[in-house]
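Understanding the architecture of this molecule
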Amino acid sequence: MSKPTANWVKVGDKFYRKQQLYTAVFDTDLELENYTVVGAPYSGAVAIHRDESVIQSYRGAQAAKSTIDIYSCAGKLIRSINWDTGKGSIKALGWSEDEKLVVATEDGTVRVYADLGVDFEPFSLGHGSEDVGVQSCKFYGSGFVALLGNNQLVSVANYHEPRPKLLAIPPSEEVVSWGIIPPAYSLSRSVEVILAIGKTLYTVDATDADDRNFDAGPFRHISVSPRGEFLAFYTDDGKVWVVSGDMTEKLSEYNSGVKTVPKDMQWCGSNAVALAWEDEVHLIGPKSAATKFYYDSFLHLLPDMDGLRILTNDLCEYLQKVPDETVDVFRLGSDKPAAHLLEASTLLDQKSPKADDLIQLIRPSLAEAVDTCVKAAGHEYNIHWQKALLKAASFGKSVLDLYNSDDFVDMCETLRVLNAARFYEIGLPLSYDQFKRLTPEKLVERLTNRNEYLLALRISGYLHLPTDKIHVHWAQQKVRISTDDEESICRLIVKKLAGKAGVSFEEIARAAYDEGRVRLATELLNYEPRAGKQVPLLLDMKEDTIALDKAIESGDTDLIFHVLLHLRKKLPLASFFRVINSRPVATALVESSAWDQDRDLLKDLYYQDDRRLDGSNLLLSEALSQSSIGPSLDKLKLASKYLQDAKEHTFQRTQLDDTAKLLRHQDTFEKELSAPFIGLSVNETIFNLIREGHNKRAQKVSSEFKVPEKTYTWLRLRALVSARHWTELEGIASSTKKSPIGWEPFFNLVLEAGNTRVASVFIPKCTSLTPAERVEMWTKCGLLVKAGEEAFKAKDRALLQDVRDKSSGSAAVEIERLLGMLGSGRR
Amino acid sequence: MAPISPLNASEISEKARRDLLLLLEGVRGKKNLVLEKTLAGPLNLLVKFSTLQEYGVDKPFFLENDNVDFSQRNIIFLVRGEKAKTVISVAKQIKRIRRDSQIEHEFSIFWVPRRTTVSDQLLEEAGVLGEASVSEWPLFFVPLADDVLSLELDDAVSDLYLRKDPTSIYLSAKALMLQQQRYGLFPRIIGKGDNAKRLAELLVKMRSEVTAGDSSSNGPSFLGLAPSSTIDSLLIVDREVDFPTVLLTQLTYEGLIDEVFDISANQTEVDSSIVGGAAPQPGQTGSASTSMKRKIMIEPKEELYSTLRDSNFAIVGNLLNKAARRLQSSTGRDQLATKTTAELRDFVSKLPSYQQESASLKLHTSLAEEIIKFTRSDIFMRSLEVQQNVMSGADPTTQHETITELISRNVPLPTVIRLLCLESTTNAGMRQKDLETFKRAVIQAYGPQHLLTLSSLEKMGLLQSRGGTTLGGPAAKPGTVTNYTPLRRSIKIWDDEVNESEPNDISYVFSGYAPLSVRLIQSIIQKQTLANLIKPSTHPGASAQANPLAQGLRIFDDATKYVKGATFDEIQAGEEKAIKARSMLNGSHNDANKTIVVFFLGGITRAEIAALRFISGKLKEVGGEGRGSRIVICSTGIVKGEGLVGSAIEKAKFG
């Protein structure tokens with residue numbers, strides 16, 4: 001076994017390693033120098049597209065066809081997307097974090113290919129991109145920034161609902177090179193762009209474009225470290241500058257001494273910058289230390305979060321800083337406990353007693369040594385060394401009295417998954433850190449997208465992850481490509497997926513429908529347990545009434561409404577009504593929304609359904625909303641007519657006719673009396689008339705509308721009191737014997753209005769009350785003598801005494817007298 | 001300690017708060033917030049305005065006012081997305097701003113509680129979908145108190161009963177489903193009412209859908225679908241089952257505050273002449289309070305208020321006096337002299353709390369005085385008299401004269417309608433002739449526009465002629481109307497020996513009438529007590545637990561026969577394995593720690609809340625029926641009579 005340090009290189013005081021991942025990656029005929037090559041983050045797929053600006057030899061019609069090819073890191077062709085040149089020339093290719101391929105063309109159209117498939121979602125960058133063209137794009141995890149022909153920058157923050165936003169406008173001179181700081185790592189938390197224009201640099205965000213006043217330019221390359229903490233610039237005179245992320249501090253400068261400008265400059269993790277020429281790489285570490293690598297053929301740099309993939313026709317290598325744990329264990333002459341532990345473990349294998357000596361030596365820091373070995377195993381690509389390290393850890397562990405083995409167990413599981421994914425047929429050479437960042441769920445998703453169902457299922461089972469997505473993906477694939485007859489496909493899918501939790505048959509059915517297998521889609525959809533899920537597809541399949549029924553079944557009014565809106569647009573009115581007629585919930589929803597928005601629809605609905613009362617009410621409501629009386633009366637007439645044949649609504653009809661009558665009266669009153677009447681009720685009209693002294697008119701209204709006598713009396717009383725017509729009230733008291741509502745209300749209301757004198761007039765008329773109540777009434781009016789007399793008349797001594805207690809002055813004397821009389825009368 | 005109790009109010013508010021702040025954080029920089037008026041209350045309960053400011057909110061606006069200005073680049077709409085009307089109004093405002101403003105704005109729309117396909121569709125048609133970044137704020141339950149969770153759906157009543165729009169049922173199901181996913185299935189769902197049944201069906205359906213749903217998006221919820229070991233059951237009552245309770249005037253303190261001043265989201269607005277014009281509390285979202293009105297937070301956690309709120313108003317005066325005396329005795333000046341230094345220090349440290357208490361005492365005394373004014377009014381007495389007579393079973397025609405008089409005296413329309421509806425709903429409708437007389441009287445007194453009001457009331461089933469609708473349909477089928485006569489006896493909804501000061505039965509909340517809705521709940525969770533109440537044990541010595549009436553669901557079954565709407569009883573069992581796993585995880589529980597969830601579909605009154613709290617208190621007592629010690633009250637919102645009939649009242653006028 002070769003030493004693990006064999007591929008290490010020392011740059012300054014740090015070690016870097018060049019891990020060979022795969023060999024014989026591409027066909028040797030493939031002229032990699034003529035291709036744009038981009039790699040998805042986390043060691044994902046590699047997309048290559050022939051650079052159309054480069055002339056190349058003709059190889060027959062087949063090869064001349066333009067394609068975007070997606071390869072695994074090991075050079076296995078996963079997908080080939082035909083690109084007909086009619087779609088426009090490709091200006092940028094890039095990947096998102098979740099392995100969506102993003103293709104931007106010159107005319108500002110962006111196509112997003114999800115799940116490594118051939119189907120895409122297009123959107124336009126807008127902001128004039130179709131006229132000025134797209135120059136280039138820079139991508140980050142969840143979005144990208146496009147540089148347009150007029151130097152304007154358009155940012156797209158997500159692909160789910162892309163909303164291209166224009167950033168602040170930089171000067172219009174030629175952009176030499178540019179880079180972006182992703183929103184997650186910028187100070188402002190939104191994307192920032194660094195543009196090299198002329199000799200200086202501009203930073204651009206949503207609101208400002210700042211000149212940073214550099215004069216060392218023009219900068220040929222700009223590269224931002226994966227976490228945005230450092231920036232690297234390549235100057236025209238062959239120097240590499242590394243500055244801090246906020247551009248305040250220059251950290252190092254390296255002179256490459258090469259006249260040709262490198263083809264590419266990328267960060268390798270966050271510690272080193274790699275310069276790439278055609279077949280040469282310079283790796284510049286901290287403090288300007290550097291080393292050079294030479295290759296046999298043209299190479300491409302594919303940066304990742306913790307390192308750099310280097311891709312040539314026959315090699316795929318991973319260049320990264322050697323992790324600290326690995327350095328601790330393997331560095332020549334390392335005196336770290338972990339190194340001793342590994343040594344001890346080897347000695348143990350050789351049955352050497354020295355093993356124990358070594359263990360005793362590192363005894364105090366043994367736990368730390370075990371941890372280091374476990375971590376180092378994670379960073380190791382070579383299975384032999386992984387095993388050796390884990391064995392060492394296990395040995396160390398056994399010596400310790402107390403050790404939490406969770407990390408060890410986790411690491412064993414993780415390594416098993418990693419090794420499976422790194423296998424050349426799969427070609428996902430994830431580093432340990434990448435795997436942790438990617439998460440196992442995403443790994444499974446990536447495997448599923450590569451149609452590696454078995455491995456995906458195994459890993460899911462091994463790590464206890466849900467498997468529904470894998471099954472659905474498999475079934476969708478089956479539906480798309482299987483040549484079996486539809487029935488057997490359906491049977492096969494149902495048999496395989498029956499009883500599997502979380503499987504969405506709707507998604508499978510949609511795939512079938514998109515493939516044109518409508519019958520299969522319908523059949524599959526029947527297995528979908530969620531009614532709501534079925535609705536959109538059913539609508540697409542033009543199964544409108546079934547969709548409506550399913551929506552109603554789901555109980556989700558939003559869905560029902562959605563279907564209804566769809567139907568309303570599609571169907572003629574009559575058939576629309578026929579559809580909703582038998583479905584009360586649908587009718588109710590149509591009614592309630594139409595009431596706010598579309599009264600005409602409602603009218604038609606009521607007419608069609610012969611709902612006379614509702615129709616008439618609708619007209620009444622319209623009558624109410626008219627601003628003048630003429631149209632109101634017309635509407636009322638219509639409302640009344642609406643009900644004319646319906647016997648059960650005669651009451652309603654009379655009321656409507658009365659309303660019209662009332663309005664006409666009120667209109668006359670308004671003209672005659674120039675006071676507002678319209679809008680008042682019958683009672684209010686009478687009230688106002690009496691208050692203003694138009695008693696004749698009030699009487700007339702009252703008799704016309706058959707206002708009950710009691711009500712009329714109340715109205716009169718209230719109106720007179722509110723107008724303070726005291727004389728008239730006194731007149732009533734003296735002229736009328738009986739009141740339909742008794743005299744008490746007269747007393748109460750007048751008293752409330754504060755006129756005790758008039759109020760007292762009514763007291764003697766309240767003959768139905770007890771003396772005590774009358775005494776109370778007198779007292780309320782402040783007429784204590786009268787109260788005393790009342791009590792005296794009733795010969796109620798206690799009552800009289802009460803009155804006395806309340807009284808004072810002459811009244812008291814008077815009452816005392818009455819009391820005396822009562823007293824003497826008794827005895 | 002037992003694991004966290006299910007449907008925990010503070011947990012729910014905390015989550016809603018965090019969700020909103022996260023959304024706000026997603027919009028960089030300062031922003032103007034446009035919100036629907038109905039959301040202002042819940043928002044105020046969950047997040048202080050100062051916190052919103054910390055998260056960059058500059059000025060709040062109401063959607064209804066359509067007056068958001070151009071002062072900030074970012075404009076956020078916080079609105080409910082269920083109704084097409086609001087969606088269209090959002091679209092219109094975005095268009096207006098885009099047209100009139102000099103600068104380019106960034107629009108965000110936070111739909112509450114979910115983003116709907118219809119909203120997307122409508123925004124797209126209006127051409128603004130691409131302009132705004134759209135997200136959702138999943139605000140379902142808003143905790144009003146530790147044991148009261150409200151969906152705060154103000155339209156629920158009119159939607160459900162007038163327009164027959166089941167949106168609120170679906171949202172309720174969603175809200176309950178979220179709780180089930182968190183705490184496990186309700187082991188039993190039982191209840192009364194057609195809409196309630198629909199809700200129960202939806203819950204069962206959603207459960208199977210969640211099982212089938214994409215498990216990956218819900219996280220590790222496979223355990224969540226086993227019956228909960230901490231929840232006893234879910235009781236659902238449809239408001240339609242018991243309209244009379246809402247129509248009656250509430251007689252508890254909190255109920256009367258609601259009747260007189262109107263409480264919304266624990267906040268009430270009182271004329272400053274009553275409570276003194278102190279500076280408004282900081283941190284209120286409603287900035288537009290006029291100088292005359294003052295907003296007061298009804299704080300459920302405040303000590304004094306929590307003793308007052310559920311008491312019958314008749315004894316509130318006494319309670320206030322007692323509190324005043326206690327406060328005086330502990331802060332009285334003459335006592336200070338006699339204190340040692342240690343006592344003094346203790347006293348000083350308590351001073352802030354005394355101050356707070358005395359402020360609260362002052363507030364409630366003024367409120368109570370104002371309410372007394374209201375309850376002493378002739379109109380209040382008259383209408384209360386009618387209510388009491390109708391509920392105790394007097395012949396309703398004897399009350400007609402009083403109602404006619406009230407109409408002639410032009411008392412506010414809602415008061416009259418409440419009385420009329422009360423008669424109709426308790427007597428399975430009114431006689432055709434009487435009904436027409438009253439209809440005429442109402443129209444003549446309040447205006448012809450109320451033809452529509454009366455028509456709406458009929459649709460809601462609040463005001464009908466006997467024997468079904470006026471459409472001349474056949475006589476009412478059994479189960480479509482509630483018959484109160486047998487109920488007065490079989491579950492004793494009228495209590496002649498009511499004791500308001502030391503209540504021994506829920507009838508205290510209405511001074512005689514025991515709300516039917518709560519009686520139904522009692523017949524399930526407090527069977528023994530109810531049985532003994534209906535039919536006191538003949539042998540005083542016999543164990544109180546042995547009343548034969550209390551067996552099974554006898555009372556419930558007996559009663560529901562006479563009550564309108566469907567009855568249902570659903571047991572939700574899970575896979576045996578999952579149950580075992582759950583009980584292993586949570587440890588075993590005795591029944592006493594379980595939570596009973598009561599859901600009022602279509603709203604609950606404050607009086608009913610008081611009654612339920614009373615039951616909850618009894619259950620907790622030693623020797624109570626240990627089926628559960630905690631009742632959590634959930635509802636689509638808080639209702640009262642004015643709101644119920646108000647949703648039917650036509651507001652337009654001629655001219």
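Residues numbered from 1 in each chain as written. Chains lettered and ligands numbered in written order. Predicted model: local features only at pLDDT ≥ 70, side-chain atom pairs only at ≥ 80, totals over all residues. Heavy atoms only, no water.

Buried within helix 19 (residues 573–581) of chain A we find Ser 575, Phe 576, Phe 577, Val 579 and Ile 580 of chain A. In this fold, the buried residues of helix 19 of chain A make contact with helix 17 (544–554), helix 18 (557–570), helix 20 (584–597) and helix 21 (599–609) of chain A. (Buried < 20%, exposed > 50% of the residue type's maximum accessible area, 1.4 Å probe, protein only. Helix = DSSP H or I, 4+ residues; strand = E, 2+ residues; numbered from the N terminus. Contact = heavy atoms within 4.5 Å.)

On to the interface of chain A and chain B. Chain A puts 66 residues into the contact, and the matching count from chain B is 62 residues. For the pairing of chain A and chain B, the buried interface totals around 5400 Å² over both sides, and the portion due to carbon and sulfur atoms is 54%. The interface formed by chain A and chain B holds 7 salt bridges in total. Residues Glu 125 of chain B and Lys 569 of chain A are paired through a salt bridge, measuring 2.5 Å at the closest nitrogen-oxygen approach. Remark: the boundary between chain A and chain B carries 25 residue pairs in polar contact (both at pLDDT 80 or more). In terms of residues, the side of chain A that touches chain B owes the most to one element, helix 24 (residues 650–673) of chain A, which gives 8 residues. Across the side of chain A that touches chain B, the residue classes break down as 27 nonpolar, 20 polar and 19 charged. (Buried area = accessible area lost by both parts, 1.4 Å probe. Salt bridge = Lys/Arg side-chain N within 4 Å of Asp/Glu carboxyl O. Polar contact = N/O pair within 3.5 Å; in protein donor to acceptor, adjacent residues only side chain to side chain. Nonpolar A, V, L, I, M, F, W, Y, C, P; charged D, E, K, R; others polar.)

Turning our eyes to something else, we now look at the packing of aromatic side chains. All names here are of chain B. Following the criterion strictly, the structure yields 26 aromatic pairs over all chains and no others. Centre to centre, the rings of Tyr 161 and Phe 243 are 5.3 Å apart; their planes meet at 85°, and the pair counts as edge-to-face. Placement of Tyr 161 in helix 6 (residues 156–162) and of Phe 243 in the loop between strand 9 (231–238) and helix 10 (244–247) is noted, with a sequence separation of 82 residues between them. Accessibility classification places Tyr 161 together with Phe 243 in one group, the buried group. (Phe/Tyr/Trp six-rings, centres within 6.5 Å; stacked < 30°, edge-to-face > 60°.)

Turning our eyes to something else, we now look at the environment of Leu 93 of chain A. Residue and element names in this part refer to chain A. Within the secondary structure layout, Leu 93 lies in strand 7 (residues 90–95). Judged by relative accessible area, Leu 93 falls into the buried class, the value being 7%. Separated by 45 residues in the primary sequence, Leu 93 and Ile 48 place their C-alpha atoms 8.6 Å from one another.

Moving on, we get to the UniProt feature "domain: Vps16 C-terminal" (unreviewed entry) in chain A. Listed under "domain: Vps16 C-terminal" (unreviewed entry) in the UniProt record, and renumbered for this structure, are residues 503–808 of chain A. The span residues 503–808 of chain A is 75% helical and 0% strand by assignment, and the distance between its end C-alpha atoms comes to 93 Å. (UniProt positions renumbered as here; feature names shortened; annotations may be inferred.)

This brings us to helix 16 (residues 531–540) of chain A. Residues and elements named next belong to chain A. With respect to burial, helix 16 is a largely interior element, 7 of its 10 residues being buried. Every buried residue belonging to helix 16 is among Ala 531, Gly 532, Gln 534, Val 535, Leu 537, Leu 538 and Leu 539, and all of these are buried. A positive backbone phi angle near 65° is found at Lys 542, which sits one or two residues after helix 16.

By size, the foremost hydrophobic cluster in this structure holds 238 residues, and its most contacted members are Leu 341, Leu 443, Ile 493, Ile 508 and Leu 524 of chain A together with Phe 599 of chain B. In this structure, Leu 341 of chain A is in contact with Ile 359, Ile 362, Leu 366, Ala 369, Val 370, Cys 373, Ala 392, Ala 393, Phe 395 and Gly 396 of chain A, ignoring residues within four places of it in sequence. Listed in part, the 53 residues of the second largest apolar core include Val 682, Trp 714, Phe 747 and Val 758 of chain A. (Core = buried A, V, L, I, M, F, W, Y, C linked by side-chain atoms within 4.5 Å.)

Residue and element names in this part refer to chain A. Here 4 strands make up an open sheet; going across it, the order is 15-16-17-18 and the pairing antiparallel. Two strands bound the open sheet, and with one partner strand each, they are strand 15 (175–181) and strand 18 (209–211). Neighbour-to-neighbour, the strand axes of the sheet open up by a mean angle of 20°, direction not taken into account. With 3 bridges joining them, strand 17 (residues 200–204) and strand 18 adopt antiparallel strand pairing. Opposite Thr 203, over in strand 18, you have Asp 210 as the bridge partner. (Pairing = 2+ DSSP bridges. Axes fitted to C-alpha atoms, helices over the stretch in contact; angles between N-to-C directions.)

Residue and element names in this part refer to chain A. Spatially, 4 strands are ordered 11-12-13-14 in an open sheet, and the strand pairing comes out antiparallel. If you trace the sheet from one side to the other, it starts and ends with strand 11 (134–139) and strand 14 (165–166), each paired once. The pairing of strand 12 (residues 144–148) with strand 13 (residues 153–156) spans 4 bridges and is antiparallel. Bridge pairing links Val 145 to Ser 155 in strand 13.

A few words now on the domain arrangement of chain A. How big an interface is tends to be stated in terms of the accessible area lost upon association of its parts. Split into domains, chain A comes out as domain 1 (466–529) and domain 2 (543–608). Once you take the C-alpha centre of each, domain 1 of chain A and domain 2 of chain A turn out to be 31 Å apart. (Domains from an automatic or database assignment.)

Let us now look at the pattern of salt bridges. The tally for this structure, following the rule as stated, stands at 80 salt bridges over all chains. In this structure, Glu 253 of chain A and Lys 239 of chain A form a salt bridge, with 3.8 Å as the shortest nitrogen-oxygen distance. Here Lys 239 of chain A lies in strand 21 (residues 239–244) and Glu 253 of chain A lies in strand 22 (residues 250–255), a separation of 14 residues in the sequence. Taking relative accessible area as the criterion, Glu 253 of chain A reaches 32% and is therefore assigned partly exposed. Measuring nitrogen to oxygen at the nearest pair gives 3.0 Å for the salt bridge that ties Glu 405 of chain B to Arg 409 of chain B. A relative accessible area of 17% means that Glu 405 of chain B is categorised as buried. Arg 409 of chain B gets classed as buried once you look at its relative accessible area, which sits at 16%. One connected set of salt bridges, linked through shared partners, spans Glu 254, Asp 258, Asp 262, Arg 606 and Lys 640 of chain B.

All names here are of chain B. The predicted model of chain B averages 83 in pLDDT, with 85% of residues at 70 or higher. Residue range residues 279–291 is modelled with pLDDT below 50. Its contacts to residues more than four positions away, or to other chains, number 16 contacts. Contacts of residues 468–476 to residues separated by more than four positions or lying in other chains number 13 contacts, the stretch itself having pLDDT below 50. Interface scoring of the predicted complex returns ipTM 0.87; its pTM is 0.81. (pLDDT = per-residue confidence, 0-100.)

Quick look at the packing of helix 12 (residues 468–481) of chain A against helix 13 (residues 486–497) of chain A now. All names here are of chain A. For the pair helix 12 and helix 13, the least separation of the axes is 11 Å and the interaxial angle reads 170°. In terms of orientation, helix 12 lies roughly antiparallel with respect to helix 13. Contacts between helix 12 and helix 13 pair His 471, Trp 474, Ala 475, Lys 478 and Val 479 from the former with Ile 489, Leu 492, Ile 493, Lys 496 and Leu 497 from the latter. Broken down by class, the residue content of the contact of helix 12 with helix 13 amounts to 7 nonpolar, 1 polar and 2 charged. (Parallel < 35°, antiparallel > 145°, perpendicular 65-115°, else oblique.)

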